[in-house]
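# Topology and contacts: notes
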Amino acid sequence: MAKVGIVMGSDSDLPVMSKAAEFLEEMGINYEMTIISAHREPDIFFEWAKGAEERGIKVIIAGAGKAAHLPGMCAALFPMPVIGIPMKTSDLGGVDSLYSIVQMPSGIPVATVAINGGQNAGILAAKILATSDSEVLEKLKKYSEEMKQSVVEKAQRLDEVGYKNY
């Protein structure tokens, strides 16, 4: 059963949203992913968001650009955490999306990652699930250790080519 719902308003968002899906796969977390326009097909959107809890979804990752209503509407309808990904737009570079997602009214929070921050949305969803899943928690700890080791190795390579490392 899927634990994370990934929804986007357009297939043009797929390159960013797929980064969230790839991270969830790496952690062994099941997800469902779909494209629904909150503006063009509100009846389908309402059905999807209202039925997410019943389908076993624990966290929703919603990506949107421009007016970016999708994450906020998910948060209004879904009783558990929603993570918004503002999409970079050609008009305002994604700042429009960021402001739309992050400026939610009191009582309807949306956790928001960086513009085009698909991977961080996947990581945040995994961290939320890890609060009640020790297997996911251990995988996240291993992932963090691997990131740390990668930085250490890069610093060592600087030493090897003659740059001074403190």
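Coordinates for the structure precede this section.
Just so it is clear, the structure is predicted and the values come from calculations on it, not from any experiment.

## Details of the sheet that holds strand β1 (residues 4-8)
Here we have 5 strands laid out as an open sheet, ordered β2-β1-β3-β4-β5, and parallel in their pairing. The open sheet is flanked by β2 (31-35) and β5 (111-112), the only strands paired with a single partner. Inspection of the sheet shows strand β4 (residues 82-86) paired to β5 by 2 bridges, in the parallel sense. In the sheet register, Ile83 faces β5, and the bridge partner there is Ala111. The strands that helix α3 (residues 70-77) touches are β1, β3 (59-64) and β4; relative to β3, the one it contacts most, it runs at about 155°.

## Considering unusual backbone geometry
Positive phi is not limited to glycine here, since Lys66 has a value of about 55°. Inspection of the secondary structure assignment puts Lys66 in the loop between β3 and α3. Taking the relative accessible area as the measure of exposure, Lys66 reaches 44% and is therefore partly exposed.

## Quick notes on the nonpolar core
Judged by nonpolar contacts, the single largest core of 26 residues is most densely connected at Val4, Ile6, Ile29, Ile61 and Ile85. At the level of elements, β1, α1 (14-26), β3, β4, α5 (118-130) and α6 (134-160) are the ones that each hand at least two residues to this core. The residues touching Ile29, leaving out its near neighbours within four places in the chain, are Lys3, Val4, Leu24, Ala126, Leu129 and Val136. Counting residues in hydrophobic clusters, the runner-up holds 20 residues, among them Ile36, Phe45, Ala62 and Phe78.

## Some remarks on the pattern of salt bridges
Taken as a whole and assessed by the stated rule, the structure comprises 6 salt bridges. Among the ionic pairs, Glu138 bridges to Lys141, the shortest N-O distance being 3.7 Å. Pair noted here: Glu138 and Lys141 are both in helix α6, with a separation of 3 residues, about one helical turn. In this structure Lys141 comes out as partly exposed when scored by relative accessible area, which is 47%. Among the ionic pairs, Lys142 bridges to Glu146, the shortest N-O distance being 3.8 Å. Note that Lys142 and Glu146 are positioned in helix α6 at a spacing of 4 residues, about one turn of the helix.

## Overview of the packing of aromatic side chains
By the definition in use, this model includes 2 aromatic pairs. Judged by centre distance (4.9 Å) and plane angle (75°), the ring pair of Phe23 and Tyr143 falls under edge-to-face. With Phe23 in helix α1 and Tyr143 in helix α6, this pair connects stretches of sequence that are 120 residues apart. A residue is classified by how much of its surface remains accessible, and Phe23, at 2% relative accessible area, is buried. Aromatic side chains Phe45 and Phe46 sit 5.9 Å apart centroid to centroid with 80° between the ring planes, which places their arrangement in the edge-to-face category. Overall, the relative accessible area of 35% leaves Phe46 in the partly exposed class.

Reading guide: rules and limits
Residues numbered from 1 in each chain as written. Predicted model: local features only at pLDDT ≥ 70, side-chain atom pairs only at ≥ 80, totals over all residues. Heavy atoms only, no water. Pairing = 2+ DSSP bridges. Helix = DSSP H or I, 4+ residues; strand = E, 2+ residues; numbered from the N terminus. Contact = heavy atoms within 4.5 Å. Axes fitted to C-alpha atoms, helices over the stretch in contact; angles between N-to-C directions. Buried < 20%, exposed > 50% of the residue type's maximum accessible area, 1.4 Å probe, protein only. Core = buried A, V, L, I, M, F, W, Y, C linked by side-chain atoms within 4.5 Å. Salt bridge = Lys/Arg side-chain N within 4 Å of Asp/Glu carboxyl O. Phe/Tyr/Trp six-rings, centres within 6.5 Å; stacked < 30°, edge-to-face > 60°.

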